[in-house]
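Survey of secondary and tertiary structure
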Amino acid sequence: MSKLIGSIREAIEACGLKDGMTISFHHHMRNGDYVLNMVLDEIAKMGIKNITVNASSVFDTHAPIIDHIKNGVVTGLECNYMGAKVGKAISEGVMENPVIFRSHGGRPSDMEKGTSHIDVAFVAAPTADNRGNMTGKYGKSACGSMGYAFADAYNADKVVCITDNLVEYPVVGFSIPEVYVDHVVVVDKIGEPSGIVSGTTKITKDPVGLKMAQYAAKVVKASGLLKDGFSFQTGAGGATLAAAKYIKEMMLEDNIKGSFGMGGITKYMVEMLNEGCFKALIDVQCFDLDAVESIKNNPNHMEVSASQYAGVNGSAVNSLDVVLLGATQVDLDFNVNVHTDSNGYIMGGSGGHADTAAGSKLAIIIAPLVRARLPLIVDRVTCITTPGHTVDVVVTQRGIAVNPNRPELKEKLVKAGLPVVEIDELKAIAEKITGVPKPIKLDESKVVAKVLYRDGTVIDTIKKVVTE
Amino acid sequence: MRRSMLFIPGNTPSLIVNGDILGADSIILDLEDAVSPAEKDSARILVRNTLKHLGLKGCEIVIRINPVDTDFWYKDLDEIVPHKPDAIMLPKVNGPEDVKKVSEYIAGIEEKCGMEKNTVKIITLIETTMGVENAFHIAGCDERVIAMFLGAEDLTADLRCVRTKEGAEILYCRQRLVTAARACGVDVYDTPFTDVEDIEGLYKDARFAKALGFTGKVSISPRHVEGINEVFSPTKAEIEYAHEVLDIIEEAKRMGRGVVSLRGKMIDAPIVNRAKQVIEMEKAIYGGTDHE
Amino acid sequence: MKIVKNAVAGTLESSDAYVQVEPNEAGIEIVLESVVLTQFGDDIKASVMEVLAENEVTNAKVSVNDRGAIDCTIRARVETALKRAQGDL
């Protein structure tokens, strides 16, 4: 039976969306997404208020949500990552209720546990049929993996598939099956695929970044984990990608046959797969169009749900050897902040940071020791994204600090001739260059966001910034 | 020990602040070609403050000043010398008189500042045909001169020939400079390899320079530093052999034997000296600790 | 040192500072914009005052647009702007 319905408005009506309900979105179109804005505009026009939006990530393109917050259409916001534009408004206190931040693994796990309830999920689908089978691999808006959307489809009370490429039943190679879908809406365009490539997805040419990348690659080698069966994840930062390149070179040189590469997948990971470094790629989202092309054509490039990627009760992160991650701040207890900038403004979020750090055997943070006069290492991070006990090594261009809970690792790195220093020494080196920064002032009485760790507990809160 | 020397523009704070972590044995903060005439004053003060306050460490600091045919060189020295850079690089040296002029001016500043004489050394940049032909006299003209550096870009313009990647046109100049420097007991550095992207080409060029007798090579890109260091470091086999040579000499001394041979080869004084040089470099590179 | 004309030094690149110096009738006036205003605003102002004192400047308006420059860079840019503003060198 066809589930086609005439418009987004009709779908909203058919789902019985009412004041106070929670709706959800995935972010596979990243900064090219049109769907979140389209749906919220329609909800606003219908006069529905007091909606909670649970979006796996909020990008700058979603800035119109700020007006919906001001008008009372949106009164709750939950996500795993938030770009700087919306982040600024939230940090300045635009919304009464605190934003709820989760990790990529925590979000689906909370839905499965029932601690996060979705009334209506709006799933952008690059290709779908009239009964709601859908995939991201094909269509003019192809985004590759739809990993984050699985939990929404499986757990929401009502599921609306929104596509700009309706094909004849059945969709071959569907990701999300029709049994979970209530309505299918066809629109002109769900997004701009070029927007998928947002953020840094190119190898850095910056000599400092390359230096850190070299150190990180040497840390991986010295750890002893770089052998047959090796599994690896890297984020999409310029320096972490450069580290991946060095690791690839080492693997090819020593003929190491790895097990899997994981994460947000870039063309560099695709190259590693194609050159035999890995048996498979485990792909929860595609960071560039090369990855989209690969997941479509290569059966060893596998789509997985966020739950399988990073869920709390046993997931692929627990099989991960090494993850390379970034940081805006690291503190003396190795806690990492990727939620706020140094002035306390929200400009990020965990994504898979906390999950992979917790699951992997070796979690390496790569970050420059000083960014525009701001030291990386602080006494206490403004916001704990990832707890220090899950972080093993901090690599900077001026030294490498090893978590004291990993003495055997420290010994290996020292033996390999790497410049190992204590974390407080790193702080001192940075402050010798920058001077000692004065602490920023935040409005301690006003919490603008709560950060939930992957197990659902509150690990930290983010306070309102003080504006002059 | 100085294998690699890396140019860093003298008026770009973001590059200067990380200059010491790029792996170069020596960094050259450049007040000459990297700085436009209108910004000479600005760069000079920035570099002076860098020396005074920043404490770049783990590498030698060299300042390239402006040549003696400009009005900038002595102003550069006035600001720079009191803060004790390891060396001044003097460009466009045509003959000993250029070096003398600068050396005397430095001496004046050293005296005024109560510094020990000859604290600040000079590296001469030879990049004119006149400089090449005077190389021997330049290398030996002043106690401050510790090294020579061949700059092939300006030189080939002066030679009126095309600069090529293969470098056949500068072969004579390279050999002349190496010979002059070695004759006077100073170090000698090869011209930068200018194709930043071509790492394979860099290795080839550096290996050739090493084969000619250069001490090391100058670079305009941090991406070339690793290759230069690798090429101009003693190889594993060379280090092992040097240790064997010194061990067997020690043993011979203990046993009171005069003539020593290793693997059927007589070990004479030049071989021992070479072994000592290799061990010194090993210590400088690896800190004398155990390594693989 | 007497400030007789407007002058600038530095750039708006990251890790640099752009400094403008203008003659001022009475005393010192400092205008500071910085990406690290909270963390280092007071330090930057103190450094500017020190450079002014070292150069015996008593009347000047100094505007600093700081892009995260470290202290010795700020000082260099202020000093250069002052020297350029004192007339013919």
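All values reported here derive from a predicted model rather than from experimental measurement. Numbering of residues starts from 1 in every chain and runs along the sequence as written. Naming scheme: in the order in which they are written, chains are lettered from A and ligands are numbered from 1. Confidence filtering applies because this is a predicted model: local features only for residues at pLDDT of at least 70, side-chain atom pairs given and counted only at 80 or more, and all residues used for totals across whole chains, interfaces and linings.

1. Digging into the overall build of chain A
Short version of the rule: Helix numbering and strand numbering both begin at the N terminus, where a helix is a DSSP run of H or I of at least 4 residues and a strand a DSSP run of E of at least 2. Here the contact rule is simple: place C-beta atoms from the backbone, and any two residues whose C-beta atoms are within 7 Å are in contact.
Tallying secondary structure elements over chain A gives 14 helices and 25 strands in all. Seen through its principal axes, chain A has C-alpha atoms that stretch 65 × 55 × 35 Å. Residue pairs at least 24 apart in sequence account for 75% of intrachain contacts in chain A once pairs closer than 6 positions are excluded.

2. Considering the overall build of chain B
Cut-off, in case you're wondering: Neighbour counting defines burial: a residue surrounded by 20 or more other C-beta atoms within 10 Å of its own C-beta is buried, one with 12 or fewer is exposed, and intermediate counts give partly exposed, using backbone-placed C-beta atoms.
Helices and strands together make up the secondary structure of chain B, namely twelve helices and ten strands. Along the first, second and third principal axes, the C-alpha set of chain B runs to 65 × 45 × 35 Å. Within the span of chain B, comprising 292 residues, buried residues form 45% of the whole.

3. Some thoughts on the nonpolar core
Which entries qualify depends on this criterion: Each nonpolar core reported here comprises buried Ala, Val, Leu, Ile, Met, Phe, Trp, Tyr and Cys residues connected via C-beta atoms within 7 Å.
Ranked by internal contacts, the top residues of the largest apolar core, which has 260 residues, are V123, A216, I364 and I365 of chain A. Per element, the largest residue contribution to this core is nine residues, and it comes from helix 7 (residues 207-223) of chain A.

4. Looking at the domain arrangement of chain B
Rules: Here the limits of each domain have been adopted from an automatic or database domain assignment.
Taken as a whole, chain B is organised into domain 1 (4-232) and domain 2 (236-286). Placing the centre of domain 1 of chain B and that of domain 2 of chain B at their C-alpha centroids yields a distance of 33 Å.

5. Things to note about the domain arrangement of chain A
Residues and elements named next belong to chain A. This is how it is decided: The classification used treats Ala, Val, Leu, Ile, Met, Phe, Trp, Tyr, Cys and Pro as nonpolar, Asp, Glu, Lys and Arg as charged, and all other residues, Gly among them, as polar.
Domain annotation for chain A reports domain 1 (4-56 + 104-196) and domain 2 (207-434). The gap between the C-alpha centroids of domain 1 and domain 2 is 31 Å. Taken residue by residue, the interface counts 22 residues in domain 1 and 25 residues in domain 2. Those elements that provide at least two residues to the side of domain 1 that touches domain 2 are helix 5 (106-113) and helix 6 (149-155). With five residues, the top contributor of residues to the side of domain 1 that touches domain 2 is helix 5. Considered class by class, the residues forming the side of domain 1 that touches domain 2 number ten nonpolar, nine polar and three charged.

6. Observations regarding the confidence of the model for chain B
All names here are of chain B. Our working definition: pLDDT is defined as a per-residue confidence score from the predictor, taking values between 0 and 100.
Taken as a whole, chain B shows an average pLDDT of 93; of its residues, 98% reach a score of 70 or greater. Every residue in residues 288-292 scores below 50 in pLDDT, and together they form three contacts with partners more than four places removed in sequence or on other chains. The ipTM value of the predicted complex is 0.96, and its pTM value is 0.91.

7. Some details on the sheet that holds strand 2 (residues 17-22) of chain C
The strands making up a sheet are joined through hydrogen bonds of the backbone, oriented either antiparallel or parallel. Residues and elements named next belong to chain C. What counts, and what does not: The rule for pairing is simple: two strands pair if DSSP sees at least two bridges between them. Here the axes come from fitting lines to C-alpha atoms, over the contacting stretch only for helices, and the angles between their N-to-C directions go from 0 to 180 degrees.
Pairing within the open sheet is mixed, and its four strands lie in the order 1-2-4-3. On the outer flanks of this sheet lie strand 1 (7-10) and strand 3 (28-34), each paired with one strand and no other. Strand-to-strand, the axes of this sheet are offset by a mean angle of 10 degrees, without reference to chain direction. The sheet contact formed by strand 3 and strand 4 (residues 60-66) spans seven bridges and is parallel. Note on strand 4: the bridge partner recorded for E29 is K61. Of the strands in this sheet, strand 3 and strand 4 touch helix 1 (residues 37-54), which is tilted by about 145 degrees from strand 3.

8. Things to note about the interface of chain B and chain C
In this complex, chain B contributes twelve residues to the contact, which on the side of chain C involves 15 residues. Going through the elements one at a time, helix 1 (13-16) and helix 2 (40-54) of chain B are the ones with two or more residues in the side of chain B that touches chain C. Broken down by element, the side of chain B that touches chain C gets its largest block of residues, nine residues, from helix 2 of chain B. Looking at the side of chain B that touches chain C, its residues break down into five nonpolar, five polar and two charged.

9. Some words on the sheet that holds strand 7 (residues 187-190) of chain B
Residue and element names in this part refer to chain B. What the eight strands build is a closed barrel, ordered 1-2-3-4-5-6-7-8; its pairing is parallel. For this sheet the average axis-to-axis angle between neighbouring strands, irrespective of direction, equals 25 degrees. Of the strand pairs in this sheet, strand 7 and strand 8 (residues 216-219) are connected by two bridges, and their pairing is parallel. Paired with Y189 across the two strands is G216, which belongs to strand 8.

10. Remarks on the interface of chain A and chain B
Tallying the contact residues gives seven residues for chain A and six residues for chain B. The dominant element in the side of chain A that touches chain B, judged by the number of residues it contributes, is helix 7 of chain A, at three residues.

11. Considerations on the pairing of strand 7 of chain B
All names here are of chain B. To be explicit about the condition: When the strands point away from the viewer, a crossover counts as right-handed if the route from the first strand across the helix to the second turns clockwise.
With three bridges joining them, strand 6 (residues 145-150) and strand 7 adopt parallel strand pairing. When the bridges of strand 7 are listed, A147 appears paired with D187. As a crossover connection, the stretch from strand 7 through helix 9 (residues 199-212) into strand 8 is right-handed.

12. Concerning the packing of helix 7 of chain A against helix 13 (residues 407-415) of chain A
Residues and elements named next belong to chain A. We count it as follows: We call two directions roughly parallel when the angle between them is under 35 degrees, roughly antiparallel when it is over 145, roughly perpendicular when it lies between 65 and 115, and oblique otherwise. Each helix crossing is assigned a hand: it is left-handed if the near helix lies turned anticlockwise from the far helix by less than a right angle, otherwise right-handed if that turn is clockwise.
Following both chains from N to C, one finds helix 7 and helix 13 inclined at 115 degrees, their axes separated by 9 Å at the closest point. Between helix 7 and helix 13, the angle is such that the two are roughly perpendicular. In this structure, helix 7 crosses over helix 13, and the sense of that crossing is right-handed. The residues of helix 13 that touch helix 7, namely those facing V219, A222 and S223, are L409, K412 and L413. Of the residues contributing to the contact of helix 7 with helix 13, the split by class is four nonpolar, one polar and one charged.

13. Looking at the pairing of strand 11 (residues 231-234) of chain A
Residue and element names in this part refer to chain A. Residues of strand 11 alternate between two faces, with S231 and Q233 on one and F232 and T234 on the opposite face, all of them buried. As paired elements, strand 11 and strand 12 (residues 260-265) share three bridges and run parallel to each other. The partner of Q233 across the bridge, within strand 12, is M262. Crossover strand 11 to strand 12 through helix 8 (residues 238-253) is right-handed. With three bridges connecting them, strand 11 and strand 15 (residues 322-325) associate as parallel partners. Bridge assignment links Q233 to a residue of strand 15, and that residue is V323.

14. Quick look at the environment of Y203 of chain B
Residue and element names in this part refer to chain B. As for its placement among the helices and strands, Y203 is situated in helix 9. Judged by local crowding, Y203 falls into the partly exposed class, with 16 C-beta atoms found within 10 Å. Along the backbone, Y203 and K52 are 151 residues apart, and their C-alpha atoms lie at a distance of 36 Å. Not counting the four nearest positions on each side in its chain, Y203 is found in contact with G227 and V231.

15. Notes on the packing of helix 7 of chain A against helix 8 of chain A
Residue and element names in this part refer to chain A. At a closest axis distance of 8 Å, the pairing of helix 7 and helix 8 adopts a crossing angle of 45 degrees. The angle between helix 7 and helix 8 falls in the class oblique. Crossing of helix 7 over helix 8 shows right-handed handedness. Here G209, L210, M212, A213, Q214, A216, A217, V220 and K221 of helix 7 lie close against helix 8, whose contacting residues are G238, A239, A242, A243, Y246, I247 and M250. Taken together, the residues that form the contact of helix 7 with helix 8 break down as twelve nonpolar, three polar and one charged.

16. Looking at helix 10 (residues 225-232) of chain B
Residue and element names in this part refer to chain B. As a reminder of what qualifies: By definition, the arc is the one covered by directions from the helix axis to the C-beta atoms.
When we look at burial in helix 10, the residues that qualify are V225, G227, I228, V231 and F232. Projected down its long axis, helix 10 shows its buried positions confined to an angular sector of 165 degrees, all on one face. Looking at the packing, one finds that the buried side of helix 10 touches strand 1 (4-9), helix 9 and strand 8.

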